[in-house]
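So you can see what is in the structure, the chains are spelled out below.
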2 protein chains.
Amino acid sequence: MRTVRVVQWGLGAMGSRMAALMAGKPGLELVGVLDTAPDRVGRDVGELLGVERWAGIVVDQPGDGKAGPLALFQRVKADVALHAVVSFAHLAWPQIRCAIEQGCNVITTAEEMAYPQAQNATLAVEIDAVAKAHGVTVLGTGVNPGFVLDTLVIALTGVCARVDYIKATRINDLSPFGPTVLQTQGVGCTPAEFEAGLRAGRIVGHIGFPESLGMIGKRLGWTFDEVRQHRKPINSCFRRETPHVVVEPGQTAGCRHTVQGIIGGRVAAELIHPQQVCPELESVETGDFIAIHGEPDINLVIQPEIPGGAATAALAVNMIPAVLDAAPGLTSMADLPVPSILPQDFVSAASAR
Amino acid sequence: MRTVRVVQWGLGAMGSRMAALMAGKPGLELVGVLDTAPDRVGRDVGELLGVERWAGIVVDQPGDGKAGPLALFQRVKADVALHAVVSFAHLAWPQIRCAIEQGCNVITTAEEMAYPQAQNATLAVEIDAVAKAHGVTVLGTGVNPGFVLDTLVIALTGVCARVDYIKATRINDLSPFGPTVLQTQGVGCTPAEFEAGLRAGRIVGHIGFPESLGMIGKRLGWTFDEVRQHRKPINSCFRRETPHVVVEPGQTAGCRHTVQGIIGGRVAAELIHPQQVCPELESVETGDFIAIHGEPDINLVIQPEIPGGAATAALAVNMIPAVLDAAPGLTSMADLPVPSILPQDFVSAASAR
């Protein structure tokens, strides 16, 4: 039984939360931090986060290609890397691979990594093979994809004799978010700008719908004939204002992104995720809602919604024991034991190698 | 890949639901049924259940001790037995053992088997050892214990950085239940009869609280200094009537059973389960409610409550693949992958031996 050696890869908003959270867990030891931001590279992590326990750890420069990370992973011999850098699997994979090849398990918040089989089966096979070859496990997790619109949905079907239709909705508030998120959700556009942004790929809505649907399909044995995504502007009737954006009446307050999984011409599963600033101004109540129609019907409500940033950081840290215990390869939240908070006094038997 | 061979042990209200449910799953094959009720023994299961697929299967007589079951398990070479006979671990164990020793995995709805470690550590060690010796897995499951007040609570803590206090409440309606359940919940008593029934052990309230608390404690790393159970009468102001009982004003409509897990003099977890007939007459809304106080706070509501009978039967059937895939030994819902409905086209790779 010893502490688990963790590399924090990415010290942005999400990675900082993870690193700070780990400081309260004696069983976890931060042994390295990677980031590219010029104002973080070379700085003391304890100072950056205001966390005394991590004083003396310096943010490493990833360098060109993978030279930096490679050197770090060779030096620190980490058990697991928490990777919070990008959203897309094809961008995450070269980085994750670098950790894997040094025998390091990986937990990533890259949305597409929650179930990369959904959009890139070839890549998923490669990830699985490389992870197995090096005896480590790769997991993508987060609040969504990873929990609210997939794992929790799947768990609820466990009490069902029959499931006919699934509708899961996550209504959240983008007001706390900064310019990058607001832009990708199309906040503060004219309707024409919103349409143009969608076409140009500047406005993307939620990343992770095919992955959530894929996880549900896998566990329920559902093969979707078609997966339909829709991104619609949420037009505002009122002026909405946050520290980072002003939305005038008639402009867009966000994006209502939905996905439908079609089986035999029928919508079998529908995931709905409208994201906007100041939803309360138009009496929109935020929350997580899951309705399962079948035998029996299940209606679940979580209000307010599970907060995204806090939950994603917590899940990444909390899944460490399950990832250390899992069989090598590419896994998913749908394959692992039910998540739970990492015990305060967690020590790992599995990490001893 | 072949069908899973299942023995249904107990064909009462719960076992009948399981057997009927399995008839709709081509990947499951009912290969034997055990029951002691004189009006079921020797009868055709297809006829008893009105399920054509199980025609020709005759309800076996368990016989004295374990002679009957032993002969059955030796003959049918089942992969898994679904055991729905008793509530208490010490009564379930001799029966479960008989299946185990013939190399048969067991899923039981005996409430105390959800986490027998909670009240009988010695027995739990024995179950685990015998199961391992025979290379099979034993799981206790059901809606409660097994899902609402433990597995679902545990899963929600997965998004938390800190958990200070857990309060989970299941408010249900006993109106559909028959005399046995109504008596053990103290429905239709005078207050004095209720107190006397509690003392005599005729009124027991809910079975499974120490087990649910034990599962939560295990996954959260919480060691409770003390576990306090309280059983209070739910006194009725109005006349309440079901097909099986009449409750006059001033009599008891049911039992409000609670358990508290104490750590350092503080209630860290509290599970609340008031069960009564006709709750709507006093404006009591049924439902499942989970509140986690911590970082973040989580408030979950499922209304109406997940129906107990249907959910328990479904869970027992739905957990079959996870039990076949699990490492040998005594397991629990807190150790296995998130539950899900058994795919309609389920076939097992794991059951090939």
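Note that the structure is predicted; figures quoted are calculated from it, not measured. (Residues numbered from 1 in each chain as written. Chains lettered and ligands numbered in written order. Predicted model: local features only at pLDDT ≥ 70, side-chain atom pairs only at ≥ 80, totals over all residues. Heavy atoms only, no water.)

Glancing now at the side chain of glutamate 211 of chain A. Residues and elements named next belong to chain A. As for its placement among the helices and strands, glutamate 211 is situated in helix H9 (residues 209-220). For glutamate 211, the side chain forms a polar contact with the side chain of glutamine 119, separated by 2.8 Å. Those residues within four positions of glutamate 211 in sequence are excluded, and the remaining contacts are Glu111, Glu112, Ala114, Tyr115, Ala118 and Gln119. (Helix = DSSP H or I, 4+ residues; strand = E, 2+ residues; numbered from the N terminus. Polar contact = N/O pair within 3.5 Å; in protein donor to acceptor, adjacent residues only side chain to side chain. Contact = heavy atoms within 4.5 Å.)

Residues and elements named next belong to chain B. The parallel open sheet is built from seven strands, whose spatial order is E3-E2-E1-E4-E5-E6-E15. The open sheet has two free edges, formed respectively by strand E3 (59-60) and strand E15 (329-330), since each of these has just one partner strand. Alignment of strand E4 (residues 80-83) against strand E5 (residues 105-108), held across four bridges, turns out to be parallel. Paired with alanine 81 across the two strands is valine 106, which belongs to E5. Here helix H1 (residues 13-22) sits on the sheet in contact with strand E1 (4-9), strand E2 (28-34) and E4, set at roughly 160° to E1. (Pairing = 2+ DSSP bridges. Axes fitted to C-alpha atoms, helices over the stretch in contact; angles between N-to-C directions.)

Each side of the interface is counted separately: chain A has 43 residues, and chain B has 43 residues. Counting each side, the surface lost to burial between chain A and chain B is near 3,300 Å², with a carbon and sulfur contribution of 66%. Of all residues in chain A, Val159, Val338 and Ile341 of chain A bury the most surface against chain B, accounting for 20% of the area lost on that side. Seen at the junction of chain A and chain B, the total is 15 residue pairs in polar contact (both at pLDDT 80 or more). Sorting the residues of the side of chain A that touches chain B by element identifies helix H6 (151-157), strand E7 (162-173), H9, strand E14 (298-302) and helix H10 (308-318) of chain A as the ones contributing at least two each. With six residues, the single largest contributor to the side of chain A that touches chain B is H6 of chain A. Looking at side-chain class alone, the side of chain A that touches chain B contains 30 nonpolar, eight polar and five charged residues. Relative to strand E14 (residues 298-302) of chain B, E14 of chain A runs antiparallel, the two sharing three bridges. If you follow valine 301 of chain A over to E14 of chain B, its bridge partner there is valine 301 of chain B. (Buried area = accessible area lost by both parts, 1.4 Å probe. Nonpolar A, V, L, I, M, F, W, Y, C, P; charged D, E, K, R; others polar.)

This paragraph deals with the relation of the copies chain A and chain B. In the superposition of chain A on chain B (RMSD 0.0 Å, axial shift 0.0 Å), the rotation amounts to 180°. What we have between these two chains is a two-fold relation. Scanning chain A for the C-alpha nearest the rotation axis identifies proline 337 of chain A, at a separation of 1.8 Å. Most of the interface of chain A is mirrored in chain B, where 100% of its interface residues again form contacts. (Least-squares fit on C-alpha atoms with pLDDT ≥ 70 in both.)

Spatial relationships are all this shows, so hold off on functional conclusions.
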